[in-house]
Amino acid sequence: MTFADLGLSPDVLKAVEETGYKNPTPIQEKAIPYVLMGRDVLGTAQTGTGKTASFTLPMIDILAAGQAKARMPRSLILEPTRELAAQVAANFETYGKYSKLSMALLIGGVSFSDQDAKLDKGVDVLIATPGRLLDHVERGKVMLNGVKTLVIDEADRMMDMGFIPDVERIVSLLPPLRQTLFFSATMSKDMRKLADKFLHNPKEVAVSPPTSTAATVTQQLLMVQKMEKRPALRKLLREQDVKNAFIFCNRKKDVDILLGSLIKHGFNAGALHGDMTQSHRMETLEKFKNNEIKLLVCSDVAARGIDVSAVSHVFNFDVPTHAEDYIHRIGRTGRAGQEGHAFTLATKADEKYLDAVEKLVGRQIPRMTLSGMEEVAEEAARISEREKRNSGREKSGQRKSGSRKDSAKAAAPRKSEPREEKKTPAAATPAAAAKTARSKPNGSKSHSRHSRDDDAPVLGLGENVPAFFNITFRKSAEK
Ligand code: AMP
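Reading guide: rules and limits
- Residues numbered from 1 in each chain as written.
- Predicted model: local features only at pLDDT ≥ 70, side-chain atom pairs only at ≥ 80, totals over all residues.
- Heavy atoms only, no water.
- Helix = DSSP H or I, 4+ residues; strand = E, 2+ residues; numbered from the N terminus.
- Contact = heavy atoms within 4.5 Å.
- Areas by Shrake-Rupley, 256 points an atom, 1.4 Å probe, with all protein chains shown as cover.
- Phe/Tyr/Trp six-rings, centres within 6.5 Å; stacked < 30°, edge-to-face > 60°.
- Buried < 20%, exposed > 50% of the residue type's maximum accessible area, 1.4 Å probe, protein only.
- Lys NZ or Arg CZ within 6 Å of the ring centre and 35° of its normal.
- Axes fitted to C-alpha atoms, helices over the stretch in contact; angles between N-to-C directions.
- Parallel < 35°, antiparallel > 145°, perpendicular 65-115°, else oblique.
- Left-handed = near helix turned anticlockwise from the far one by under 90°.
- Pairing = 2+ DSSP bridges.

**Examining the overall build of the protein chain**
Right, on to step 1. For the protein chain, the count of helices and strands is 19 helices and 13 strands.
Right, on to step 2. Within the protein chain, residue pairs in contact and separated by at least 24 positions form 77% of the contacts whose partners lie at least 6 positions apart.
Right, on to step 3. As presented, the protein chain carries roughly 21700 Å² of accessible surface, and 52% of it is formed by carbon and sulfur atoms.

**Describing the packing of aromatic side chains**
Right, on to step 1. Across all of its chains, the model carries six aromatic pairs by this definition.
Right, on to step 2. Centroid distance F55 to F183: 5.4 Å. Interplanar angle 35°. Geometry classified as tilted. Separated by 128 residues along the polypeptide, F55 in helix α3 (residues 51-63) and F183 in strand β6 (residues 179-184) bring together distant segments of the chain. For the pair formed by F55 and F183, the shared burial category is buried.
Right, on to step 3. Between F315 and F343 the ring centres are 5.5 Å apart and the planes differ by 15°, which places this aromatic pair in the stacked class. With F315 in strand β12 (residues 313-316) and F343 in strand β13 (residues 340-346), the pair connects residues that are 28 residues apart, well separated along the chain. Considered together, F315 and F343 belong to a single accessibility category, that of buried residues.
Right, on to step 4. Taken together, the aromatic side chains of F246, F248 and F288 make up a single cluster linked through ring pairs.
Right, on to step 5. Of note, R132 hangs over the ring of F112, and the distance from its end group to the ring centre comes to 3.8 Å.
Right, on to step 6. A cation over an aromatic ring shows up here: K229 above the ring of F317, its NZ or CZ 5.2 Å from the ring centre.

**Notes on the packing of helix α2 (residues 26-37) against α3**
Right, on to step 1. Between α2 and α3, the least distance of the axes is 9 Å, while the angle of their chain directions is 25°. Here α2 lies roughly parallel to α3, going by the angle between them. Crossing angle aside, the handedness with which α2 passes α3 is right-handed. Facing I27, Q28, A31, I32, V35 and L36 of α2, the residues of α3 in contact are K51, A53, S54, L57, P58, D61 and I62.

**Overview of the pairing of β13**
Right, on to step 1. Burial analysis of β13 places seven of its seven residues in the buried class, which makes it a mostly covered element.
Right, on to step 2. Here β13 shows no split at all, with G340, A342, T344 and A346 on one side and H341, F343 and L345 on the other all buried.
Right, on to step 3. The sheet contact formed by β12 and β13 spans four bridges and is parallel. By the bridge assignment for β13, F315 is matched with F343.

**Comments concerning the sheet that holds strand β3 (residues 103-106)**
Right, on to step 1. Pairing in this open sheet of seven strands is parallel, and the strands run β3-β4-β2-β5-β6-β1-β7 from one edge to the other. For this open sheet the edge positions go to β3 and β7 (203-206), each flanked by a neighbour on one side alone. Along the sheet, successive strands turn relative to each other by an average axial angle of 15°, direction set aside.
Right, on to step 2. Of the strand pairs in this sheet, strand β5 (residues 149-152) and β6 are connected by four bridges, and their pairing is parallel. Bridged to L150 within β6 is T180.
Right, on to step 3. Where α2 meets the sheet, it contacts β1 (41-44), β6 and β7, and its direction lies at approximately 165° from that of β7.
Right, on to step 4. Together, β2 (75-78), β3 and β4 (125-128) form the strand contacts of helix α4 (residues 82-95), whose direction differs from that of β3 by roughly 170°.

Here is the structure:
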């Protein structure tokens with residue numbers, strides 16, 4: 001099948017041809033004809049399947065007829081993260097180059113005034129993260145009763161991130177007579193229930209998630225003790241021929257801690273997670289793409305959908321708790337037939353998640369040994385000993401100050417990643433994150449910052465904030 005068989009307009013076909021795509025992907029083949037018919041679509045597809053073009057291409061044709069009014073967008077695309085929203089906007093720019101559609105991107109971390117100015121002129125396509133869109137609605141800057149096409153993308157991620165109440169509120173402001181396209185990587189019972197609320201007699205299209213990993217990626221797994229993770233990672237980074245790498249952590253908190261550790265140990269690293277300001281995230285990503293930053297420590301949510309070619313390595317600092325994330329993660333290396341390498345650090349406690357990953361990819365990830373593990377174990381023992389010491393000191397400190405309750409609260413794990421776009425800028429920098437880490441119950445305030453025996457400055461970054469942080473923060477604050 002060709003793109004021309006799908007019923008797209010000559011303008012869109014010309015733009016698609018210029019991107020170099022030869023044939024539509026399965027999700028494009030299945031979804032585009034229904035979208036063009038004006039049907040609601042319930043799509044099961046992940047990023048990487050060509051899902052974005054499956055709704056952007058037909059939308060460009062649907063929106064070709066009609067005109068936008070001030071503050072009344074004609075279509076709305078909801079995305080869970082700023083990066084995904086920005087990527088969808090880039091897709092519209094690419095595929096819509098011969099169509100005269102106006103577009104606005106409403107994401108957190110970007111000034112309201114530019115976004116307001118665009119809305120005032122009237123937009124055909126509004127691409128937004130839920131929080132920022134509601135901010136605009138509450139300020140009376142946008143009315144949603146003119147939206148005739150709604151896309152809810154990555155609905156399962158929206159749910160993971162706690163955005164569904166916001167999405168429901170947004171949908172309640174839309175006219176009931178509209179076309180709705182609902183995409184999710186997985187289609188659980190909960191997802192279907194949710195989709196039922198938004199869709200009318202939808203056509204269901206599904207493409208199976210990729211369950212295989214590229215043959216060009218070598219995969220290895222190193223079993224370690226929890227405390228051995230950081231020293232083992234450093235050893236791998238030093239010994240492997242790493243040109244650039246994504247390093248994945250399961251939690252945002254650990255992204256900050258690991259970044260601090262890597263910088264302290266002389267690695268050229270940056271981080272990407274949802275608590276950073278938009279400008280800082282974009283700046284970091286740009287530096288990574290330009291090779292100014294070699295290692296990018298990130299969470300799955302922040303890295304999802306980011307398209308960087310030529311990445312030599314992926315390191316899973318944690319085994320992902322969602323098995324599909326393993327495929328997403330390691331799919332960032334070995335692209336377009338290039339060679340890639342993926343290393344995963346796992347502890348005994350990860351066995352359940354590891355089983356799920358291996359079941360999904362249909363094979364066992366080869367186990368590796370690391371020469372010099374004795375040094376790693378020794379270093380880990382020192383870290384462990386120090387943490388015990390600090391924790392003892394903290395406890396006695398707490399008893400003295402009676403602040404136990406607060407500390408316990410601070411240490412309680414968060415149920416899910418908090419919404420990204422409502423963060424205050426004050427908490428959105430590595431420096432601020434370091435400050436937060438400093439105040440954690442087992443922080444290393446009492447620890448000498450000159451001691452050589454562990455990763456102390458990670459938690460005790462305090463007065464020792466590297467110039468790198470300040471410069472980056474100042475720069476993004478100035479923007
Ligand atoms: P997506 O799933 O929308 O994030 O797309 C994943 C990647 O596939 C992006 O880099 C797209 O540019 C690319 N892509 C989309 N459609 C096609 C196609 N028909 N042929 C080849 N690549 C495509």
